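A closer look at the structure
One-letter residues, chain by chain:
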Amino acid sequence: MPPKDPLQFLTTARIAVVAGKGGVGKTTVTAVLARAAIRSGLRVLVVELDGKPTLEALVPGVEVQHISAPAALAEYLQSHGLSRVVKRLATSGVIDVVATASPGIDDIVVLGKIKQLERSGDYDLIVVDGPAAGHAVTFLLSAKGMLATVRGGPIATQAVEVTEMLADPTRCQVVLVTVPESTPVNEAIETAAALEERVGVHLAPVVVNALDDGPLLPAAGAADGSAMRAAAEFRNARRTLHADECERLAQELPLAQLHLPLVPGAVLDAAAVERLADAWATA
Amino acid sequence: MGHRVTTRQPDISALLDAPDVLVCCGSGGVGKTTTAAAVGLHAARIGRRVVVVTIDPAKRLADALGVPGGLGNDPVELPIDEGCEGELWALMLDPATTFDGLVRANASSAEQTERILSNRFYRNVAGSLSGTQEYMAAERLHALHGDPRFDLVVVDTPPTRNALDFLDAPSTLSRFLDHPLFRLIMVPTRRGLRVLNVASQPVLRTIGKAVGSDVLADAIAFFQAFAGMETGFRARADEVIALLHGESTRYLLVASPRGDTIEEARYFARRLREKDLAVRAVVVNRCTPDFGAPPSRRPKSAAGSELYDNLRELRATAKIEREHAAVLLGDDAIGPDAATRFVPALPGDVHDLEALEAIRTALFGE
């Protein structure tokens, strides 16, 4: 059964990783979650991994940190006695060597950095705008993968600590985002299974974005072949599909759902984020 | 529901006037895979022997084509209507398997093949090393282009910003061969490259301490095994780049009429322009259909009023969408000879040949 307040995870977990395929509105959801958390009086940090500069504008006043894998890796190497090597090869060169020799190390240091921010105690909630496309599972699996291949050393320690963080629902949860159409819903169901079984991370409520929610229109009230009739039938077909997909998602993925309404033309700005956060506050 | 198709010269069917390769690019969630499949379907209808290749590991293409068992690394023929002279095939690229095949083709001996394929580092990176997937896509494209079963290859690129990296196949390859780790352990000799004694390299010893020495040992063993194969790889890559930049390859840009995806589409258009590649067609998917004008006065009944408001709302959405699309179509990076198509949103998903047929009709007419 879904909890009474689906946004409760904002106060029970300290890190919310927002994950979903490209185009489903991960950044929108990151912004709305951050806004909703600020409203509850939480100290919020947004972490962005993609180099997208838009988040600051969407949630004015919130602290945003951009973490890039190469920069995090360089910092890690410098702090682990490799400053001489870094000097000898150009920084980018050594990063390339290390990243190639040890696949997943860049993901581990990014997660390590997020762990550090969590441990600083400066924030009640860190919302992570997760990596693009299908990279989320690989990203979160990097710690386990590293545990299997590396024995001993600083990276192994890092991998142990990150695995612990991911497995603890009071520290980290993943917010899956989808849209109410069949392929994205299928992908969300598959990703959920992979995250729970392979990564062992706790899933927060799943967000259904761009939902055309509402009762069916009395289409028969307009003349056959009229513009009003065609528009109503289009709208009804979409609302039916969206309701069916939410229902199917609920059946196959027993998680609470958070719904975000369809924004025409998806002109996303700070005001739209406010309105979406309002929709959740009154839900 | 009437699908009104807006046509602008030049004609989109010129897109299929004897190209060998058609590359579909665009960001995630814009219906790129569906467009690639619909273009493939149309080409098969007009008698081409088409193979649609998807690089996206998601099962979108299988879904769009209604293939129940999913797609694999080998092409499967799809049942389209009888009496159609063309053929429609599809496959989903598996970078690791493709890389294995390339190693087999280029290795000088079975022993070298075995040494590389069983290397733990190779197994880790074959499908995941940055650039490998793009390079394997280009490699596969080259192989399919030479396959006598097909006369048109339609490529559905991954929904990421670096999707066009495969256009840089040779430079991707040289990044790999000119890799600092590769250079560190290889020294040129009169007979080619020779592997240096690793223990004599303090840099490598230090790196080993940071990442784990066995991980590094695997990586070095891989580069050692790889020695001697670079010439074959480079020659192949040069052929691929010639194909991608040649007259027989055409580029199709897919977008949806939303502010964020239009910006992504402009980014792709600029990347193509930088490489002197022309966008031959722009497809704007998922447009709110044009239902026609509302009655001149709001109906008095509650039901009529509700329907009137709905029509007005959808028309307002369509107007916002047209403004977004105009920004893309007006971009300098898209030349005047690019054909444009607006494809109306279907109320449902596209996951069978029937729905695909509706998209095909919206693109190319009856």
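Within any chain, residue numbers begin from 1 and follow the written order of that chain's sequence. For naming, the first written chain is A and the first written ligand is 1, with later ones following in the order written. Residues qualify for local features only when their pLDDT is at least 70, as the model is predicted, and side-chain atom pairs are given and counted only at 80 or more; totals for whole chains, interfaces and linings, by contrast, use all residues.

Our next topic: the overall build of chain A. What chain A contains, in helices and strands, is 12 helices and eight strands. Backbone-placed C-beta atoms define the burial measure: a residue is buried with 20 or more other C-beta atoms within 10 Å of its own, exposed with 12 or fewer, and partly exposed in between. Within chain A, the proportion of its 283 residues that are buried is 50%. Here the analysis covers contacts within chain A between residues at least 6 apart in sequence; of these, 73% occur between residues at least 24 apart. We count a stretch as a helix when DSSP gives it H or I for four or more residues in a row; a strand needs E for two or more, and each element gets its number in order from the N terminus. Distance between backbone-placed C-beta atoms decides contact: two residues are in contact if it is within 7 Å.

The helix and strand tally for chain B stands at 14 helices and 11 strands. Relative to its full complement of 366 residues, chain B shows a buried share of 48%. Restricting the contact set of chain B to residue pairs at least 6 apart, pairs at least 24 apart contribute 76%.

This part is about the confidence of the model for chain B. All names here are of chain B. Across chain B, pLDDT averages 81, with 76% of residues at or above 70. Predictor confidence is given residue by residue as pLDDT, running from a minimum of 0 to a maximum of 100. Within the model, the stretch residues 1–8 combines pLDDT values under 50 with 15 contacts to residues more than four positions away or in other chains. At the level of chain-chain contacts, confidence expressed as ipTM amounts to 0.83, with global pTM at 0.83.

The next point concerns the nonpolar core. Counting 101 residues, the largest nonpolar core has Leu22, Val53, Val154, Leu252, Leu253 and Val282 of chain B as its most contacted members. Remark: nonpolar core denotes a set of buried Ala, Val, Leu, Ile, Met, Phe, Trp, Tyr and Cys residues whose joining runs through C-beta atoms within 7 Å. Formed by 77 residues, the second largest nonpolar core is a distinct cluster that contains Val29, Ile114, Met165 and Leu249 of chain A.

Turning to the packing of helix α7 (residues 105–119) of chain A against helix α9 (residues 153–167) of chain A, a few remarks are in order. All names here are of chain A. For helices, the fitted line uses only the C-alpha atoms of the stretch in contact; every axis is such a line through C-alpha atoms, and the angle between N-to-C directions lies from 0 to 180 degrees. Viewed as axis vectors pointing N to C, α7 and α9 meet at an angle of 60 degrees, and their least axial separation amounts to 10 Å. When the interaxial angle is binned, α7 and α9 end up oblique. Between α7 and α9 the crossing geometry is left-handed. Within the contact between the two elements, α7 uses Ile105, Ile108, Leu111, Gly112 and Lys115 and α9 uses Ile155, Gln158, Ala159, Glu161, Val162 and Met165. Here the word oblique covers every angle except those under 35 degrees (roughly parallel), over 145 (roughly antiparallel) and from 65 to 115 (roughly perpendicular). Each crossing gets its handedness from the near helix: less than a right angle anticlockwise from the far helix is left-handed, clockwise is right-handed.

Residue and element names in this part refer to chain B. Axis separation between helix α3 (residues 95–106) and helix α4 (residues 110–117) bottoms out at 8 Å; the angle between their running directions is 155 degrees. When the axis of α3 is compared with that of α4, the two are roughly antiparallel. Handedness of the α3/α4 crossing: right-handed. Contacts between α3 and α4 involve Asp100, Val103 and Arg104 from the former and Thr113, Ile116 and Leu117 from the latter. For the contact of α3 with α4, the class distribution of residues is three nonpolar, one polar and two charged. Any residue outside Ala, Val, Leu, Ile, Met, Phe, Trp, Tyr, Cys, Pro, Asp, Glu, Lys and Arg is labelled polar, Gly included; the first ten of those are nonpolar and the last four are charged.

Another aspect to go through is unusual backbone geometry. Most peptide bonds are trans, and most residues other than glycine sit at a negative phi. We note that Ala210 of chain A has phi near 55 degrees; this positive angle belongs to a residue other than glycine. Residue placement: Ala210 of chain A occurs in strand β7 (residues 206–211). The phi dihedral of Arg286 of chain B falls on the positive side, at around 55 degrees, and the residue is not glycine. One can find Arg286 of chain B in strand β10 (residues 279–287). On the basis of neighbour counts, which here come to 19 C-beta atoms within 10 Å, the residue Arg286 of chain B falls in the partly exposed class.

With 86% of its residues at a pLDDT of 70 or more, chain A shows a mean pLDDT of 85. The spread of mean pLDDT over the elements of chain A runs between helix α6 (residues 91–101) of chain A, the lowest at 60, and helix α11 (residues 227–252) of chain A, the highest at 96.

On to α11 of chain A, then. An expected span of 1.5 Å times one less than the residue number is assigned to each helix. When the terminal C-alpha atoms of α11 of chain A are compared, their 37 Å separation across 26 residues agrees well with the 38 Å that a helix rising 1.5 Å per residue should span. As for α11 of chain A, its buried residues are in contact with α10 (182–199), β7 and β8 (257–261) of chain A together with α13 (302–329) of chain B.

On to the pairing of β7 of chain A. Residues and elements named next belong to chain A. Taken across its six residues, β7 has six buried, putting it largely inside the fold. In this analysis, strands are considered paired if DSSP registers two or more bridges between them. Of the strand pairs in this sheet, strand β5 (residues 172–178) and β7 are connected by two bridges, and their pairing is parallel. In the strand pairing of β7, Thr178 is matched with Val208. Where β7 and β8 come together, four bridges link them in parallel fashion. Among the inter-strand pairings, Val207 is bridged to a residue of β8, identified as Leu258. A crossover counts as right-handed when, viewed with the strands pointing away from the observer, the path leading from the first strand over the helix to the second turns clockwise. Between the parallel pair β7 and β8, the chain is carried across by α11, and the sense of this crossover is right-handed.

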